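# Summary of the model geometry
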Amino acid sequence: MKTFNDLAELSNEEISALLELADRLDKHPEPHALQGKVLSLLFLSPSLRTLASFQAAMTRLGGGSFVISPDMSIHGLETRPGIVMDGAAAEHINEAIPVIASYGDAIGIRAFAERKNLEHDMAETEFNAMTSLIDTPWINMESAMNHPCQNLADWKTLDDLDVPANGGKFVLSWAFHPKALPLAVPASTLYTAARRGMDVTVLRPEGFELPEPVMQRARAAAEAAGGSVQESDDRAEAMQGAHVIYAKSWSSTRHYGDRINDQKLRNGLVDWCVDEPWFDNAKEDCRFMHCLPVRRGVVVSDAVLDGPRSVVIHEARNRMLAQMAVLHRMLGAGQ
Ligand code: CP
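Residues numbered from 1 in each chain as written. Predicted model: local features only at pLDDT ≥ 70, side-chain atom pairs only at ≥ 80, totals over all residues. Heavy atoms only, no water.

### What to know about unusual backbone geometry
- For the peptide bond that leads from L292 to P293, omega is 5 degrees, which places it in the cis range.
- The residue P293 is located in the loop between β12 (287-289) and α11 (302-305) in this model.
- Of note, E124 is a non-glycine position whose phi angle comes to about 55 degrees, a positive value.
- One can find E124 in the loop between α4 (118-122) and α5 (125-131).
- Since its relative accessible area comes to 11%, E124 is described here as buried.
- One non-glycine residue, E142, lies in the positive phi region at around 125 degrees.
- Counting through the fold element by element, E142 comes out in the loop between β7 (138-140) and α6 (148-160). (Helix = DSSP H or I, 4+ residues; strand = E, 2+ residues; numbered from the N terminus. Buried < 20%, exposed > 50% of the residue type's maximum accessible area, 1.4 Å probe, protein only.)

Next up, the structure:
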């Protein structure tokens, strides 16, 4: 495996093999599998889970890792193309990325969307420019529209909990948040649930529809896997018979890049905080999923997050296991 960028680039057999490997490495550790291997980690956006779980994964497999981020004592990192560098930053990513990559056997990169122009972000313009500078294997640790490490971990979580693939009902719900957040998690989570063959409903208020190409990609994946994709702004209808609700906030697509109008629209939506009454029509054991970090009392109530429905810690631990599988496949013996 040379890149891990998007579950859409993997066959069903490759996804199943990664999930089986993640399980195997959990039950039967291989502390020498990546001995002498180094993973470079470049974080141009913040993280807790992705950073810690990649470092833990490399250590558990016998390898090592190092982290570079703009907050560290580096020379100031410029990311804009074609810029005259007469400001604070003394180094451009065009040099920094190949240098960092050259110290490792693989590199992980995180760079969130700019959130100024939807077409620009959907084209993964920045991320593609960065990965074009690398000739070692690389991992997408969250780009403008993708978060494949989260997606693989979430797929594993659904399997671990015996949530049915075909016939399982998955609600991806927008939730209130004071800031306009990226589309990477909702877009790639929708694709993942659809690809798993689930009946997926995107529950969102008006103005927060996911972009049509994102919906189309998910519909095609669902059709191929025996599932379906719907959209609704009716909570009771969407939650009817749901096995899982996956909450996430995202930017208004109606006002993408327009912070003032996005804010005006979301200010009236503070009641989009997942709480126990949301589950009235759902399956009795309907689960609550979220990629974390999550704002308590804003995105979800304490009662749901601390209650038996919540599987967020299980999901977060699966990040490490899923990434161990990816690293083993990318850097292990015989690859
Ligand atoms: N879910 C996730 O990617 O968490 P971090 O942003 O903390 O890495």
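### Some thoughts on the site of the ligand
- With respect to spatial proximity, the complete set of residues near the ligand consists of S47, L48, R49, T50, R110, H147, Q150, C291, L292 and R319.
- The separation between an oxygen atom of the ligand and a polar side-chain atom of H147 is 2.8 Å.
- Summarising the interface, the protein chains cover 94% of the accessible area of the ligand, which totals 250 Å² for the free molecule.
- Put simply, the ligand lies in the largest pocket.
- Looking at the shell around the ligand, its residues break down into three nonpolar, four polar and three charged. (Near = heavy atom within 4 Å. Polar contact = N/O pair within 3.5 Å; in protein donor to acceptor, adjacent residues only side chain to side chain. Areas by Shrake-Rupley, 256 points an atom, 1.4 Å probe, with all protein chains shown as cover. 1 Å grid on protein atoms, 1.4 Å probe; cavity = no way out; pocket = protein on both sides within 12 Å on 5 of 7 lines; lining within 4 Å. Sits in = over half its atoms within 2 Å of the grid points. Nonpolar A, V, L, I, M, F, W, Y, C, P; charged D, E, K, R; others polar.)

### Topic: the sheet that holds β7
- Spatially, five strands are ordered β1-β7-β6-β2-β3 in an open sheet, and the strand pairing comes out parallel. The strands lining the two open edges of the sheet, one partner per strand, are β1 (3-4) and β3 (64-68). (Pairing = 2+ DSSP bridges.)

### What about the state of the cysteines?
- Enumeration over the complete set of coordinates arrives at zero disulfides.
- There is no disulfide at C149, and the cysteine sulfur nearest it, in C291, is 13 Å away.
- By relative accessible area, C149 is classed as buried at 1%.
- Between C273, a cysteine without a disulfide, and C286, which holds the nearest cysteine sulfur, the sulfur-to-sulfur distance is 15 Å.
- Classification of C273 by relative accessible area gives buried; the value is 15%. (Disulfide = S-S within 2.5 Å.)

### Some remarks on the layout of surface pockets
- In this structure, the largest pocket occupies an estimated 520 Å³ of space.
- Residue lining of the largest pocket: 27 residues in total, with F112, L181, K248, L292 and P293 positioned closest to the centre.
- Inspection of the lining of the largest pocket shows a minimum of three residues originating in each of domain 1 (3-147 + 316-331) and domain 2 (162-310). (Points joined across faces, edges and corners; volume = space filled by probe spheres on them. Domains from an automatic or database assignment.)

### Some details on the nonpolar core
- By size, the foremost hydrophobic cluster in this structure holds 92 residues, and its most contacted members are F4, L190 and L327.
- Element by element, the count of residues in this core is highest for helix α12 (residues 312-331), at 10 residues.
- Residue assignment places this core across two domains, with domain 1 (3-147 + 316-331) and domain 2 (162-310) each supplying three or more.
- Beyond its immediate stretch of four places on either side in the chain, L190 contacts L172, V200, V202, L210, V214, M215, A218 and V229.
- One finds I68, I93, A96 and I97 within the second-largest nonpolar core, a separate group that totals 15 residues. (Core = buried A, V, L, I, M, F, W, Y, C linked by side-chain atoms within 4.5 Å. Contact = heavy atoms within 4.5 Å.)

### Things to note about the domain arrangement of the chain
- Assigned domains of the chain: these are domain 1 (3-147 + 316-331) and domain 2 (162-310).
- For domain 1 and domain 2, the distance between their C-alpha centres works out to 26 Å.
- If you look at the interface, domain 1 gives 23 residues, while domain 2 gives 21 residues.
- Taken together, the two surfaces of domain 1 and domain 2 that pack against each other cover about 1,600 Å², and 61% of this comes from carbon and sulfur.
- Seen at the junction of domain 1 and domain 2, the total is one salt bridge.
- A salt bridge links R217 to D6; its shortest N-O distance comes to 3.0 Å. (Buried area = accessible area lost by both parts, 1.4 Å probe. Salt bridge = Lys/Arg side-chain N within 4 Å of Asp/Glu carboxyl O.)

### Side note on the pairing of strand β10 (residues 228-232)
- Relative to β10, strand β9 (residues 199-203) runs parallel, the two being bridged by five bridges. Bridging from a neighbouring strand, D199 pairs with S228 of β10.
- In this fold, β9 hands off to helix α8 (residues 212-225), which returns the chain to β10; that crossover is right-handed. (Right-handed = clockwise from strand over helix to strand, strands pointing away.)

### Digging into empty space enclosed by the protein
- For the structure shown, the criterion picks out one cavity of 30 Å³ or more.
- N151, D154, L158, F170, T189, T192, A193 and Y246 are the residues that line the largest cavity.
- At the level of elements, α6 and α7 (184-195) are the ones that each hand at least two residues to the lining of the largest cavity.
- Classifying every residue of the lining of the largest cavity by side-chain character gives four nonpolar, three polar and one charged.

### Comments concerning the packing of aromatic side chains
- One pass over the structure, following the stated rule, counts six aromatic pairs.
- Note on W174 and F208: the rings are 4.4 Å apart at their centroids and 40 degrees apart in plane angle, and the pair reads as tilted. Taken together, the residues span a long stretch of sequence, with W174 in strand β8 (residues 169-174) and F208 in the loop between β9 and α8 at a distance of 34 residues. As far as burial versus exposure is concerned, W174 and F208 are alike and both buried.
- Members of the aromatic cluster, connected to one another through ring pairs, are W174, F208, W272 and W278. (Phe/Tyr/Trp six-rings, centres within 6.5 Å; stacked < 30°, edge-to-face > 60°.)

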